[in-house]
Amino acid sequence: MYLLNHYTAGVILFGDRTQLTSHRLPKYIHANTSTVFLVDPAQSIKQLDDSEHAAKRIQEYFRVRRTRHSITDWVDVKWKGGVMGHPLQTDGCSCGVVVVKMAKAVMESFPLIPNVNFECSKKYMKRERRELALEILEASVFDEHTYCAMCAALRPPGSGSPITDWVQCDDCERWYHAQCLAMDSRDFKKAETGYWNCPLCNT
Ligand SMILES: [Zn+2]
Ligand SMILES: [Zn+2]
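All figures in this text were calculated on a predicted structure; none of them were measured in a lab.

Overview of the overall build of the chain
In terms of helices and strands, the chain carries five helices and five strands. Secondary structure elements of the chain occur, N-terminal to C-terminal, as α-β-β-α-β-α-α-β-β-α. Buried residues in the chain amount to 35% of all 203 residues.

Structural notes on the coordination of the zinc ion (ligand 1)
Looking at the metal site, the zinc ion (ligand 1) is ligated by C148 (SG), C151 (SG), H177 (ND1) and C180 (SG), spaced 2.0 to 2.4 Å from it. Because the angles between the four donor atoms bound to the zinc ion (ligand 1) fall within 103 to 119°, the donor set is best described as tetrahedral. Each donor residue of the zinc ion (ligand 1) belongs to the same chain, with the gaps between them written as C-x2-C-x25-H-x2-C. On the criterion of sequence distance, the pair formed by C151 in the loop between α4 (122–139) and β4 (166–168) and C180 in the loop between β5 (175–177) and α5 (185–193) is long-range, its members being 29 residues apart. The partly exposed category is assigned to C151, whose relative accessible area is 25%. Residue C180 is classed as partly exposed on the basis of its relative accessible area of 21%.

Focus: unusual backbone geometry
The omega angle of the peptide bond from F110 to P111 is 5°, so this bond is cis rather than trans. Within the secondary structure, P111 sits in the loop between α3 (95–109) and α4. The phi angle at S70 is positive, at roughly 55°, despite the residue not being glycine. Within the secondary structure, S70 is located in the loop between α2 (47–69) and β3 (80–82). Residue S70 is classed as exposed on the basis of its relative accessible area of 61%. Not every positive phi belongs to a glycine, and E173 is a case in point at roughly 65°. By the element assignment, E173 lies in the loop between β4 and β5.

Some points on the environment of A54
Structurally, A54 is set in helix α2. Residue classification places A54 among the buried positions, given a relative accessible area of 1%. Taking the C-alpha atoms as reference, A54 lies 10.0 Å from G82; in sequence the two are 28 residues apart. Setting aside chain neighbours within four positions, we find A54 in contact with L13, V36 and L38.

Examining α4
The end-to-end C-alpha separation of α4 is 26 Å, in line with the 26 Å expected for 18 residues at 1.5 Å each. Along α4, the positions that sit buried rather than exposed are Y124, M125, E128, L132, L134 and L137. Of the surrounding secondary structure, the elements contacted by the buried residues of α4 are α3.

Looking at the sheet that holds strand β1 (residues 27–30)
In space, the three strands of this open sheet follow the order β1-β2-β3, with mixed pairing throughout. One side of each edge strand has no neighbouring strand; the edge strands of this open sheet are β1 and β3. Across the sheet, the mean angle separating the axes of adjacent strands is 30° when strand polarity is ignored. When β1 meets strand β2 (residues 35–38), the two strands line up antiparallel, connected through four bridges. Counterpart to Y28 in the pairing with β2 is F37. The strands touched by α2 are β1, β2 and β3; relative to β2, the strand with the most contacts, the crossing angle is about 125°.

What counts as what
Residues numbered from 1 in each chain as written. Chains lettered and ligands numbered in written order. Predicted model: local features only at pLDDT ≥ 70, side-chain atom pairs only at ≥ 80, totals over all residues. Heavy atoms only, no water. Helix = DSSP H or I, 4+ residues; strand = E, 2+ residues; numbered from the N terminus. Buried < 20%, exposed > 50% of the residue type's maximum accessible area, 1.4 Å probe, protein only. Donors = N, O, S within 2.8 Å, 3.2 Å for Na, K, Ca; no water. Tetrahedral: all angles 85-135°; square planar, octahedral: opposite > 155°, others 65-115°. Contact = heavy atoms within 4.5 Å. Expected span 1.5 Å × (residues − 1). Pairing = 2+ DSSP bridges. Axes fitted to C-alpha atoms, helices over the stretch in contact; angles between N-to-C directions.

Printed below as a string of structure tokens:
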């Protein structure tokens, strides 16, 4: 499996900087079957044609790499384009969730190609976005007695004010910035004086 950053992949696939608008599309280079998948959750591209074009560009990239850096792995592979079955994004703001879920499906069925299938309704995307955020938070390693469990910093992001309201969960004892939980002053007072559960404990 090859991991390329979006910009590098964009330059390899689309050449010139003016054509980089498609650089954000997820790409999957599957070495076992010599296949390149260019996937668009919103289906705005012709996936087979564009994947075949991507395969050609990637083949050229490996050749250039041999010429410039004498690296020869994968240079003799005949890369081809492929299409991976996947659900379509139904709104304009869930591409992050769809891409993470597709990446998960790719990892889970590796080395086989997955036939990705999940619901894309707004309601489901909202729930998934929240669950993904919680999973990332729970997996984060940091000093939970010093930093905010939401932003992992001492000061809330973008806050110019030196005064910061903190609230502590009565169950897990993690600390949170009131701003990071979008608490208004009434919610904050209630949390500060009464029993309060954080979003991690309150699921
Ligand atoms: Zn915070
Ligand atoms: Zn908690």
